[in-house]
Amino acid sequence: MGNTSSMLTQYDIEEVQEHCKHAFSQQEIVSLYQRFCQLDRNGGGFILTDEFLTVPEFAVNPLSQRLLRMLNSLNFKEFVAFLSAFSPRVPLQQKIEFIFKLYDSDNNGKVTFHDMLDVLRDLTGQFISEQQREQVLTRVLEEAGYTKDSMLVLSDFVKILGSSDLKMEVEVPVD
C-alpha cells in the first residue's frame, strides 16, 4: 500500500476491511486511503503525529494531545483501525475499549481518579475550577458506585457505559 490511491488493490481493500472487522465499506476504505495519502506528506507510508495536527477537526479537539499519545506513527491499516472506533458499525464494547485507552494514559490497565481528572481538565480547560472538577468527578463516581480511591479497569467502564446510548461516530465521505 504505497502513497497513491491507484496503488490500493482489491486485495488491499479486503485485507484492510478484515483488519478493521468490517467497520467500513470498501468505498469508505478507498476514501480513507485517499485522505491517508493527503496526510502522508512525505510519502513514506506512515502518518506522523504532526501530520495528524494538520486535520483541523483533530487539531482543535481538546483531547488531541491525549489521542496523539495513543498513536505514534500509523500505516494505513493502523490508521483505519484507529478510526474504526468511530464507525457506527462497530459494537459498543469496542468504543468503550477505545475510551478506556484514552483515559489509561500510562497503559497500566487501570484508570485512577487523577487519570479521569486529567481528561476532565482537557475537556473543560479554564471554564471551571479544579475544585469544581474534583467535586463533579467525585459525584459522578459515587453515583456509579465508586470512590475517589477506586482504580477502574475496563470491566468497570463497560459496566458504567455499557447501557448508555454512546455515540462516537464520524461520517466518511464517499465520492
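Structure: see above.
About the criteria used
- Residues numbered from 1 in each chain as written.
- Predicted model: local features only at pLDDT ≥ 70, side-chain atom pairs only at ≥ 80, totals over all residues.
- Heavy atoms only, no water.
- Phe/Tyr/Trp six-rings, centres within 6.5 Å; stacked < 30°, edge-to-face > 60°.
- Helix = DSSP H or I, 4+ residues; strand = E, 2+ residues; numbered from the N terminus.
- Buried < 20%, exposed > 50% of the residue type's maximum accessible area, 1.4 Å probe, protein only.
- Lys NZ or Arg CZ within 6 Å of the ring centre and 35° of its normal.
- Arc of directions from axis to C-beta.
- Contact = heavy atoms within 4.5 Å.
- Salt bridge = Lys/Arg side-chain N within 4 Å of Asp/Glu carboxyl O.

(A) Expanded view of the packing of aromatic side chains. Per the stated rule, a full pass over the model turns up 13 aromatic pairs. Taken together, a centroid distance of 6.2 Å and an interplanar angle of 70° make the contact between Phe52 and Phe82 edge-to-face. Residue Phe52 is located in helix 3 (residues 49-52), and its partner Phe82 is located in helix 6 (residues 76-84); the two are separated by 30 residues in the primary sequence. According to the relative accessible area criterion, Phe52 is buried, its value standing at 5%. According to the relative accessible area criterion, Phe82 is buried, its value standing at 11%. A centroid spacing of 6.5 Å and a plane angle of 65° characterise the contact between Phe82 and Phe86, whose relative ring orientation is edge-to-face. Take Phe86: its relative accessible area is 22%, and that puts it in the partly exposed class. One cation-aromatic arrangement involves Lys148 over Phe113; the distance from NZ or CZ to the ring centre is 4.9 Å.

(B) Spotlight on helix 1 (residues 10-19). All of the buried residues along helix 1 are Asp12, Ile13, Val16 and Gln17. The arc that holds the buried residues of helix 1, viewed along the axis, is 135°, so those residues lie on one side. Opposite the packed face of helix 1, turned more than 90 degrees from it, sit the exposed residues Tyr11 and Glu18. On its buried side, helix 1 packs onto helix 2 (26-39) and helix 6.

(C) Representation of the pattern of salt bridges within the structure. This structure, assessed with the given rule, holds 6 salt bridges. Lys77 is the salt-bridge partner of Glu15, the closest N and O atoms lying 2.8 Å from each other. Of this pair, Glu15 sits in helix 1 while Lys77 sits in helix 6, and the two are 62 residues apart along the sequence. Each of Asp118, Arg121, Glu130 and Arg133 takes part in salt bridges that share partners, so that together they form one network.

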